[in-house]
Amino acid sequence: MLEEKLRQDKKKLISFYKRSDLLPKRVVKAFRKVKREHFVLEKYKEHTYINSPLPLLEGATISSPTMSLLLCKYAKLKKNDKVLEVGTGSGYQTALIAQIVLGNTKGKKKDKIKKVYSIEISKKLHKYAEERLQETDYYDQIVLAQGDGTKGWPNGETFQKIIVTATGREIPPPLIKQLEKKGTLVMPKKENDDEWLIRGIKKASGLDIEYLDRVRFVSLKGKYGRNNRRAS
Ligand code: SAH
């Protein structure tokens, strides 16, 4: 019963994406492949393919399917990109990223350099995502960490793409530092009373910023998070 409902709801969303031309083909393909129901809390499972955010643990939410997919599009994710996600949450976005940058991994030789990195500040959610991602085909290409992602990846790796999934009041400077030249960073940012999804492309002179969409995400915590006012 439930399985059939999920199949039908997912089919509807896929045909909407195809009709609307909202997303690149490789992003829709990743949506088709990744089982969102695997990352949603048991009690919300029947709503998995309703185009809406759903509550997770500790006040976090898993973004709506369309928002998760738009983040992949706006970050211009492509095969073989090395990506950092800040705010693992359920692990669903992490799985989408892995599906796009790794493609089909079954039976293929594994790359020595890991491609997908994700950091989560909540211990409970870090564990939640880890348990779910462990059951996917690409877990051995994903590196998860628990900690404050606004300080960047713990050992100073650099990335071609960075996706932040919680709203900050500034782009954390350590993330700008860890973004490679010509790399793309996407994050929701508080601007007066609004929240905007912004995209920064790294140039020699700093980040070139574009405003993409008005959005709503949970607040970014941590050193360069939304509520932590540092002395200037
Ligand atoms: N990408 C997630 C969305 C989770 S909501 C998904 O697809 O499910 C945003 C997440 O960011 C929350 O889990 C929250 O705990 C986490 N977060 C907030 N501030 C953070 C920080 N400074 N470092 C790492 N994670 C953070």
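Our structure's up above, just so we're on the same page.
Conventions we followed
- Residues numbered from 1 in each chain as written.
- Predicted model: local features only at pLDDT ≥ 70, side-chain atom pairs only at ≥ 80, totals over all residues.
- Heavy atoms only, no water.
- Pairing = 2+ DSSP bridges.
- Helix = DSSP H or I, 4+ residues; strand = E, 2+ residues; numbered from the N terminus.
- Axes fitted to C-alpha atoms, helices over the stretch in contact; angles between N-to-C directions.
- Near = heavy atom within 4 Å.
- Polar contact = N/O pair within 3.5 Å; in protein donor to acceptor, adjacent residues only side chain to side chain.
- 1 Å grid on protein atoms, 1.4 Å probe; cavity = no way out; pocket = protein on both sides within 12 Å on 5 of 7 lines; lining within 4 Å.
- Sits in = over half its atoms within 2 Å of the grid points.
- Nonpolar A, V, L, I, M, F, W, Y, C, P; charged D, E, K, R; others polar.

Colleague: Would you mind showing me how to read the sheet that holds strand 7 (residues 179-191) here?
Modeller: The pairing of strands in a sheet happens through backbone hydrogen bonds and is either parallel or antiparallel. With mixed pairing, the seven strands of this open sheet are ordered in space as 5-4-3-6-7-8-9. For this open sheet the edge positions go to strand 5 (142-146) and strand 9 (206-214), each flanked by a neighbour on one side alone. Geometrically, the sheet is characterised by an average inter-axis angle of 15 degrees between neighbouring strands, direction not taken into account. In this sheet, strand 9 lies alongside strand 8 (residues 194-203) in antiparallel orientation, the contact comprising eight bridges. Looking across to strand 9, one finds that lysine 203 is bridged to glycine 206.

Colleague: Help me understand the site of the ligand, please; the structure alone is not making it clear to me.
Modeller: Taken together, the neighbourhood of the ligand is formed by 24 residues, with Ser90, Glu120, Asp148, Gly149 and Lys221 sitting nearest. For the ligand, a nitrogen atom lies 3.1 Å from a polar atom in the backbone of isoleucine 121. The contact in question runs from a nitrogen atom of the ligand to an N or O atom on the side chain of threonine 165, over 3.4 Å. For the ligand, the cavity whose grid points lie within 2 Å of the majority of its atoms is the largest pocket. Put simply, the parts of the chain that give the shell around the ligand at least two residues each are strand 2 (61-62), strand 3 (83-86) and strand 4 (116-120). Residues belonging to the shell around the ligand are distributed by class as follows: nine nonpolar, 11 polar and four charged.

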